[in-house]
Amino acid sequence: MGDDAELTAAVLAAQHGDESAFRAVYRTVHPRLLGYVRTLVGDPDAEDVTSESWLQIARDLDRFSGDADRFRGWAARIARNRALDHIRMRGRRPAIGGDEAELTGRPAESDTAGEAIEALATGRTLDLIARLPQDQAEAVVLRVVMGLDAKSAAETLGKRPGAVRTAAHRGLKKLAELLGDDAETAGVLDALPPQRDPRSRAVTSATVTHGRTRTQKDM
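Remember, it's a predicted structure, so these values are computed and weren't measured experimentally.

Asker: Explain the packing of helix α2 (residues 19–41) against helix α3 (residues 43–60) here, please?
Answerer: Two quantities define a packed helix pair, namely the angle between the axes and the distance from one axis to the other. Contact geometry for α2 and α3: axes closest at 9 Å, N-to-C directions at 135 degrees. The orientation of α2 relative to α3 falls into the category oblique. In terms of crossing hand, the pair formed by α2 and α3 is right-handed. On the side of α2, the interface is formed by F22, V25, Y26, V29, H30, L33, L34, V37, R38 and V41, while α3 contributes D43, D45, A46, E47, V49, T50, W54, I57 and A58.

Asker: How do you make sense of the packing of helix α4 (residues 68–90) against helix α8 (residues 150–157) when you look at a structure like this?
Answerer: Close contact between α4 and α8 brings their axes to 9 Å; oriented N to C, the two are set at 25 degrees. Relative to α8, α4 is oriented roughly parallel. Where α4 crosses over α8, the handedness of that crossing is right-handed. Between α4, through G73, A76, R77 and R80, and α8, the contact on the second element is made entirely by S152, E155, T156 and L157. Here the residues of the contact of α4 with α8 are counted per class, giving 2 nonpolar, 3 polar and 3 charged.

Asker: What exactly am I supposed to notice about the environment of I57 here?
Answerer: Looking at where I57 falls in the secondary structure, it is placed in helix α3. Distance from I57 to A79, taken between C-alpha atoms, is 9.0 Å for residues 22 residues apart in sequence. Once residues within four sequence positions are removed from consideration, I57 is found in contact with L33, F71, W74, A75 and I78.

Cut-offs used in this document
- Residues numbered from 1 in each chain as written.
- Predicted model: local features only at pLDDT ≥ 70, side-chain atom pairs only at ≥ 80, totals over all residues.
- Heavy atoms only, no water.
- Axes fitted to C-alpha atoms, helices over the stretch in contact; angles between N-to-C directions.
- Helix = DSSP H or I, 4+ residues; strand = E, 2+ residues; numbered from the N terminus.
- Parallel < 35°, antiparallel > 145°, perpendicular 65-115°, else oblique.
- Left-handed = near helix turned anticlockwise from the far one by under 90°.
- Contact = heavy atoms within 4.5 Å.
- Nonpolar A, V, L, I, M, F, W, Y, C, P; charged D, E, K, R; others polar.

The structure is reproduced here in structure tokens:
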């Protein structure tokens, strides 16, 4: 995810109108945000929905106040709202997650939650995440891929932190089982760092107006 202090500083500079800082924010956050949107709308539409999300992020950046953690959560909420609007217009979620009972009670061969975390950055694994029940898929991506703590993920989803922790735990367990059954991903376990523990950070506030509206080309 990059250094949180650097991301916090880049967000603040972007709010002051620094276009290069905004591009740095975009490069840091976009890959993970795109992965989150993919679990909601599927591959064909993920790029468009994420691009629309960034346009809103750029437009509303002056109204944001906080550090790197809060920015990732804020960006995820914007992307989720855009994705849900897209789903409502289209009529359904494209990736169908099977019944939770399909995987319940099937013991993994080892404690592979850590292995599942490490493999999340691969496209194939994101496809597997989309097969989870939606609450679990979102919790896993927000907690592990986006790097949000339970409180920020809960705010994004409109749920209690405990419910998000439970959904993420169940999702990782089932994902580990799916990885064990999938020959294409069983050996790909070197992509993502372990899920970080929540840490207390000072919140940096800024509400400075930047010079002009950013466009997707600026990112």
